[in-house]
Each structure stands twice: as C-alpha cells, then as structure tokens.
Amino acid sequence: MGRVEQIIWFIVLVLLASFGVTMSWTLAVCLMAGVALASIVTAIVNWRVGGRRWDRWDSLSLGALGYFGLRAYFSPVFDLGKEDMVFWVMGWLTLQSFRAARLSWAVVAAICLVVFINASYSLMQVYDLQTFVPMHWVSSHSEQSYDYGIFKDYGGLGNGMAMSAMVLAVFSVWGRSLPLWKRLLMGFLAVVAMLLCLSSGSRIGVVSCGASMVLFIVFSWMRTKSILGFKSRKWRLGIAGVSFILAIVASFTAFLTFENRDYQLAATGEISEHNIRQSYWGMASEQISEVSFFGSGSRSYSYLSWEHWKDLLRPREADPQFTHNEYFQVCTDYGLVGLLVLSAVVCTAICYGSRRFMRRQHESIWCPLAAGMLLIVVVCVHSLTDFAMRLPFNWCMANVGLAWCFVQIPEGAGGKFQSRALAVTLPLCLAIASLVIALPELRASIPIIQARQVSDHVLWEPEEPEKMLRVYEKSSSLAADYRKSSRIAQIHKQNYFNNGRREQDLRAWENAAVECIERHPHYPVGILEMANLYREKGQYDLADEYYHQAARFSTPLDFEGRFSLNWAQNDLFRADLAYNDQDFDLTDALLCRAHEKAESSMAHRNEALRLIRNIMLSRINLHMFTEQYATGKQVIDELQHVIPPYILRQREARTYALLGDFYLQLASQIWQSGEHDEARQYFQQALANYRLDSRLRGETRDEAREVKEALAEEMLK
C-alpha cells in the first residue's frame, strides 16, 4: 500500500507541474481533486501503519485554513472566493499528507523528472527543435511556451527550478542511506536546476536561489562533523572559503541577469519592471489603507486596484489580477489579520524546524527537515516580487516545505505516537468532502477539457462558435461561473453580427452578459460587454453609464484599442438624439467629447479617422444650422488639416457636398448684408466643392445638390 501511495503522489505532483502552470479555474478544480484523492490514500495508510499524530501545529494550520476558507466563502464575488478556497484546501491537504517522511521520495522523484524535462526543452532550443508542451492537450489557446519548459513563464521557471535545486542538493549531500549513483544523479540534476534558474531571466528567482544556497552552506557547515565526519578545522575553513566563492558567483550571476533584463527593456522601449511593480504595490497599499483589518475579499485586488490606477502604467504593462507580491496580496484580500495568521504559520514552521535541526535528530528526517526550511526561504524571497503561489505546483511545494519542518519520525525509529483518530479522520473527511462538493465543477470541466478550452485568457475568440456555444452552455448548466457566461455572451455577440443582427441573437447576448455581470459585478470584461451591448441596442444613455464604469480600467484592458472608439461612437449617437430634440448645447458638448475620445483611439487609425471626420461634419452641420459660421469655418480648417484627403474623398461621406452647403449658406447671408465681393468668394468655394462632390458621385445624381450648384453658378455671373 505504501508503494501505491508514493506512485499516486508522484503522478499528482508531475501533473501539477505539467498542467498547473496557468491560472485556469477548470484545471485548478481537477488538480485539487487529484490532491484530494492522493490525500485519501495517505490517510488510509496512516491509519494502517499508525504513523501519524495530531499536535499543536495541526491545530494552528487548521485554524489558518478556517480563517482563510471562511473569508473566501464570504467574499463579495463568490466565483473568485471559490478559487482561493480550492487553493487553501489543496495546500492544507498537501501539508497534512507530507508530514509522513515516507513520502519524501515521491517528491524527489517528481522533481527529478520535472528538471529533466525542462533541461530537455532547453537543449531542444539550442538546436532549434520544436517540442510539445502538455497544456496543448487541453487548451487550443495555450499560454504555455516551451521557451520556459513546462512552466508558464520565466518567473514560474525560476521559482520552480530554485525549489527543485535545493531539494535535490539536500538529498544528494545528506541522503547517506541511498546508493552512491542515486546521490550523484540528484547532485547533477541539482546543478542543472540551478543553471536553469540562473538562465531563466527571473531576477528574483536568482536572488531566492542565492539566499537558499547561503542557508544550505550554513546548514552544511553546522552539520559537517556529525554527518560527514570531518573534524578538522581546515575542512570548516575550506567550506567557509567555498561559501564565499559561491556567494560571489551568485552575486555576479544576479548582476548579469539584472543587466540583461534592463538591456532588453531599454531595447524595446518599455517601462522598467521595477517601476511597474512599484505601481502595483502602491495601488495595493492604498487598497489596504481603506479596508485594513479583514481585507476586501478573495482576489479583490483584481477589480479594486482600478480605483487607484497609476498613470505610469501603459496598456500592455498592466496586470491587474495580482499585486506581484504575495504579502500585499494577502493584505488586500484577507487583511492584516490574514497576514498575521500566515506569518504565524510560516514563522512557527521555521522556528520549530531550526530548533529540531540544532538538536540531534533521527537521521531519516534530516533531509526533509533541511529541505523544508530551504523551500520556505525560496518561497518567501520569491514572493516579494511575484505571484508564484498562484501556480498549483509551486503552492503545493511551499506546503511540502512547511510539512517537512514538522516531519514525524517513522514507526520503529523511536518516539511514541499519540491517538491517531483526529490526525487521520479529519484530513480524510476534508478530502472526501472536497471531492463531493467539487463534483459538479468536475463534471462541468469535462466538456471544456474535451474542447481544449481550459485557458481563461480574456482575449479568447471562439473559432467554432456553434460548437463552443454547446460546450459552454452544457458546462454552465452543471456549474455556473462568470467566465463561462462571459464567453457565451461573446459567442452570441459574434453570431449577432455575423447573422445580420437578428433580434434573437441580441436577446441571447444580453441574457448571457447580464448573468455574467450579476455573478461578478466588477468584472472589467463584463462591464465593457454591457456598454457595447446597450450601445448596439440604441440605449445610449445606459451604455454611457457602463462606459463611465469601464473608463477606470479601459487603458490596461483595451488591448484592441477600441474602447475610446466605441465610446466616441456612442457619444455621436447621443449627439444625434440631442440634435433631433433641438438641444444644441448638449449636441455640441457631446460632439466635442466624442472628438476627444476618437483622437485617443488611433490603434485603428483609418476607422478612427473616419469617425473623426463624421464627428467634424456633424459639428459643421450644427454650426451651419445655428448660423455660427465663424466657428464652423474653424472646424472646416481643422478638418482639412487633420483628415487625410483619401478619407475626405470617400464617396459615402459626401464631405464636399456638406462643405458646399455651408459655403453657399454663408455666401447667401453675406450677400444679403451687401458684401457682394466677399460673398462671391464663398460662392466660388461652394461651387468648387459641389463640382468635386459631383466627380466623386460619378453617375449617381443628386437633384438637390444640382440645384444648389446651379444657384452658385448664377450668383457668380
């Protein structure tokens, strides 16, 4: 049974590393189910062998789980709270399971395989060989790139390889009961993992690796006499010299990594990532100051950060989902209480592990004990500038580190075991309850996985609308979620425009969009969807309200550059309604506002220029109707200066026909005042514009314009 248990955990950890590298709710639920199943097996084994006891550490970790779980459950957005609950439960079950020293080898074996795969991918890059990443099995829009092995990006790779290097180094040096070839293999893979970390481009990964290496050398120095039998003072001085050299090498490597990243940023013209993170942290600190005690709820930073948005950030540099600092993340979501609870858990583990390490312990727990403290150091350092704990593999490895600080002596190795009832039944009951509660979500994930749509990327586009509609409607009927509703709304929106704007598609689009915004009232994509929906329905005032709500996060999320363009179009429609109601002041104000918004949306240059042209023509028409000719002439001069001729000459715009009307009406008024010479100049301009419009029209006749053209010719005689 013990062998089966280790094989199951080995498979689960490899799956966590292979598929747990993207922030996908579908995958998170499935991976949590895998951890729960493995935890059930571990609980059964613990019951049979009697190798588990309940202690104060278990009570502390259970209290932390209770606080974070309840706070997540009562978060303002439940769909975000359930994500955090999955992570907290996954972490606690991992922590409880790996307090048994026998599972250490499952972790080591999984890490060896992960390091080997990542090293293989790096070698393939050298020879320009394409490879296949696991995420491609479940996602057609995979965010995973073989450039970073089986991890999502350089940060995940740097953090994962730093943790792997420390674990393998400890078991290689101190695993005296292992055959020599296994220790040499783990030592070699530890060096490979460290090289992958140093070459990943993750600056904080390099720093965390260096910090843990310093602690590793300190541990080695402290235990040299008892473990390796070196009693000579020369050996200790030698280790001190090696430590100094390694520290210099690590510092130099970190300097090169920082310089390389800064050079790349300078070459691309992007803002320094240091300043980007400072802006994230500034927004987080402002949010914390508003609700500091218990926080704003799970993942609240993802939608409340917009209220404190920093102008320093530009569209593609924005990542509003996380603070890039786990300490700030805990404070924003769970408050200072949450930070104190988490700090109590981590500090207790470090203090207890250090005290046990200083005393002579059973040699079978030296490796997991030292590896656990090194894992905690890597995680704590890396969490200063990244959100590595949002990756399931890294999160489970962090909890393995906490568990190893309290690893229990195997049966028959000494020590007395207390009652095992609570220590076994509580994790067993929680694992079973998690599976039962998550069963609807697991069933709902099946069609999404089969359709390879597990990625939650906001830029998702349906390639097969009808097929995707069936997939998401089936999944949503089993377990609703705001992301599924958002994608259903996107499909109905696409069908609406592709099928000739059918009313039934518009109603379906509205129903899905409303459901999405009801489940997550602060969801930026949902708010933008509502704004565009009501603009299409002709409810322009309601659309304007949603555009105002979306304005605070439009800059970082407007990847296609259409937000300002759509809002400007909405203001143009509102101006037409105000013009029909004879409210000319409001019409002018809306046209001016639409002009400003259109000018800020030049990502789609030709479309924006056409919209600006139409806005300016509407302003000219308004000034002509209200007889504000001086202002109208200024707009005409601006029109001819700003808008390229190929935009002005487009036939459907009838630009020159309107200019001819303006100059004809102006000339008529001046003629009536007795200024005939000046009036003839404007008649001449009117006639020139009419003739240009006639050439652009071709064979298409416009009798009204022909009459006005004849009038202008008559007045010039």
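Residues numbered from 1 in each chain as written. Predicted model: local features only at pLDDT ≥ 70, side-chain atom pairs only at ≥ 80, totals over all residues. Heavy atoms only, no water.

## Overview of the overall build of the chain
Part 1: The secondary structure content of the chain amounts to 28 helices and zero strands.
Part 2: Out of the 717 residues belonging to the chain, those deemed buried represent 54%.
Part 3: When contacts within the chain are restricted to residue pairs at least 6 apart in sequence, those whose partners lie at least 24 apart make up 74%.
Part 4: Total accessible area on the chain stands at roughly 31800 Å², and carbon and sulfur atoms take up 59% of it. (Helix = DSSP H or I, 4+ residues; strand = E, 2+ residues; numbered from the N terminus. Buried < 20%, exposed > 50% of the residue type's maximum accessible area, 1.4 Å probe, protein only. Contact = heavy atoms within 4.5 Å. Areas by Shrake-Rupley, 256 points an atom, 1.4 Å probe, with all protein chains shown as cover.)

## Things to note about the nonpolar core
Part 1: If you look at the biggest cluster of nonpolar residues, it comprises 104 residues, and the most contacted ones within it are L16, F98, M161, V167, L168 and W404.
Part 2: In this structure, V167 is in contact with V108, I111, A371, L375, M397 and W404, ignoring residues within four places of it in sequence. (Core = buried A, V, L, I, M, F, W, Y, C linked by side-chain atoms within 4.5 Å.)

## Quick look at helix α15 (residues 421-450)
Part 1: Taking 1.5 Å per residue, 30 residues should reach 44 Å; α15 reaches 41 Å between its end C-alpha atoms and fits that length.
Part 2: If you look at α15, its biggest bend is around 50°, right at L439, and the proline P440 turns up within four residues after that. (Expected span 1.5 Å × (residues − 1). Bend = angle between axes of the 7 residues up to and from the residue.)

## Observations regarding the packing of aromatic side chains
Part 1: As enumerated under the stated definition, the model contains 27 aromatic pairs in all.
Part 2: Ring centres 4.8 Å apart and planes at 65° place the aromatic pair W9 and F98 in the edge-to-face group. Of this pair, W9 sits in helix α1 (residues 2-19) while F98 sits in the loop between α4 (78-97) and α5 (104-126), placing them 89 residues apart in sequence.
Part 3: Under the relative-accessibility criterion, W9 is labelled buried at 1%.
Part 4: Assessed through its relative accessible area of 0%, F98 is described here as buried.
Part 5: Here the aromatic rings of W57 and F406 are separated by 4.0 Å at their centres, their planes lie at 10°, and the arrangement is stacked. With W57 in helix α3 (residues 56-73) and F406 in the loop between α14 (392-405) and α15, this residue pair connects regions lying 349 residues apart in the sequence.
Part 6: Here F406 falls in the buried class, since its relative accessible area comes to 5%.
Part 7: Connected via pairs of aromatic rings, a cluster forms that spans Y67, F68, W88, Y334 and W395.
Part 8: Across the ring face of W567, the terminal group of K597 is positioned such that the distance to the ring centre comes to 4.3 Å. (Phe/Tyr/Trp six-rings, centres within 6.5 Å; stacked < 30°, edge-to-face > 60°. Lys NZ or Arg CZ within 6 Å of the ring centre and 35° of its normal.)

## A short note on the side chain of S485
Part 1: Relative to the helices and strands, S485 is located in helix α17 (residues 482-498).
Part 2: Contacts of S485, omitting those with residues within four sequence positions, involve A512, E515 and C516.

## Focus on the side chain of T655
Part 1: In this fold, T655 is placed in helix α26 (residues 655-672).
Part 2: Residue classification places T655 among the buried residues on the basis of a relative accessible area of 2%.
Part 3: In contact with T655, not counting residues within four places along its chain, are R613, L617, L639 and L648.

## A word on helix α18 (residues 503-519)
In an α-helix, one turn spans 3.6 residues, which is why side chains three or four residues apart end up on the same side.
Part 1: Between its first and last C-alpha, α18 extends 25 Å over 17 residues, near the 24 Å set by a 1.5 Å rise per residue.
Part 2: D505, L506, W509, E510, A512, A513, C516 and I517 are the residues of α18 that are buried.
Part 3: Contacts made by the buried residues of α18 are with α17 and α19 (524-537).

## As for a nonpolar patch on the surface
Part 1: On the surface, a nonpolar cluster with roughly 460 Å² of combined accessible area is contributed by L70, Y73, F74 and F78.
Part 2: Structurally, F74 can be placed in the loop between α3 and α4.
Part 3: Its relative accessible area of 58% is what places F74 among the exposed residues. (Patch = residues over 30% accessible without salt bridge, like charges linked within 9 Å, V, L, I, M, F, W, Y side chains within 5 Å. Salt bridge = Lys/Arg side-chain N within 4 Å of Asp/Glu carboxyl O.)

## Some remarks on empty space enclosed by the protein
Part 1: Tallied over the entire structure, the rule returns six cavities of 30 Å³ or more.
Part 2: Taken as a whole, the second largest cavity spans an internal volume of roughly 90 Å³.
Part 3: Elements with a contribution of two residues or more to the lining of the second largest cavity: α2 (25-49) and α17.
Part 4: Among the elements that line the lining of the second largest cavity, the one with the most residues is α17, at three residues.
Part 5: Per-class residue counts for the lining of the second largest cavity are four nonpolar, three polar and five charged. (1 Å grid on protein atoms, 1.4 Å probe; cavity = no way out; pocket = protein on both sides within 12 Å on 5 of 7 lines; lining within 4 Å. Points joined across faces, edges and corners; volume = space filled by probe spheres on them. Nonpolar A, V, L, I, M, F, W, Y, C, P; charged D, E, K, R; others polar.)

## With respect to the confidence of the model for the chain
Part 1: Taken as a whole, the chain shows an average pLDDT of 80; of its residues, 80% reach a score of 70 or greater.
Part 2: When mean pLDDT is compared element by element in the chain, α4 scores highest at 92, while helix α9 (residues 233-268) scores lowest at 58.
Part 3: For residues 226-231, every residue scores under 50 in pLDDT, and the model assigns this stretch 11 contacts once sequence neighbours within four places are set aside.
Part 4: Across residues 263-272 the pLDDT falls below 50, and counting only partners more than four positions away or on other chains, this stretch makes 11 contacts in the model. (pLDDT = per-residue confidence, 0-100.)

## Things to note about the pattern of salt bridges
Part 1: Counting across every chain of the model gives 23 salt bridges.
Part 2: For D481, the salt bridge identified is with R483, shortest N-O distance 2.8 Å.
Part 3: Take D481: its relative accessible area is 1%, and that puts it in the buried class.
Part 4: For D693, the salt bridge goes to R654, with nearest N and O atoms at 2.9 Å. Separated by 39 residues along the polypeptide, D693 in helix α27 (residues 676-697) and R654 in the loop between α25 (645-648) and α26 bring together distant segments of the chain.
Part 5: The class for R654 is partly exposed, based on a relative accessible area of 25%.
Part 6: Through salt bridges with shared partners, a single network forms among D79, K82, E83, R299, E441, D481, R483 and R519.

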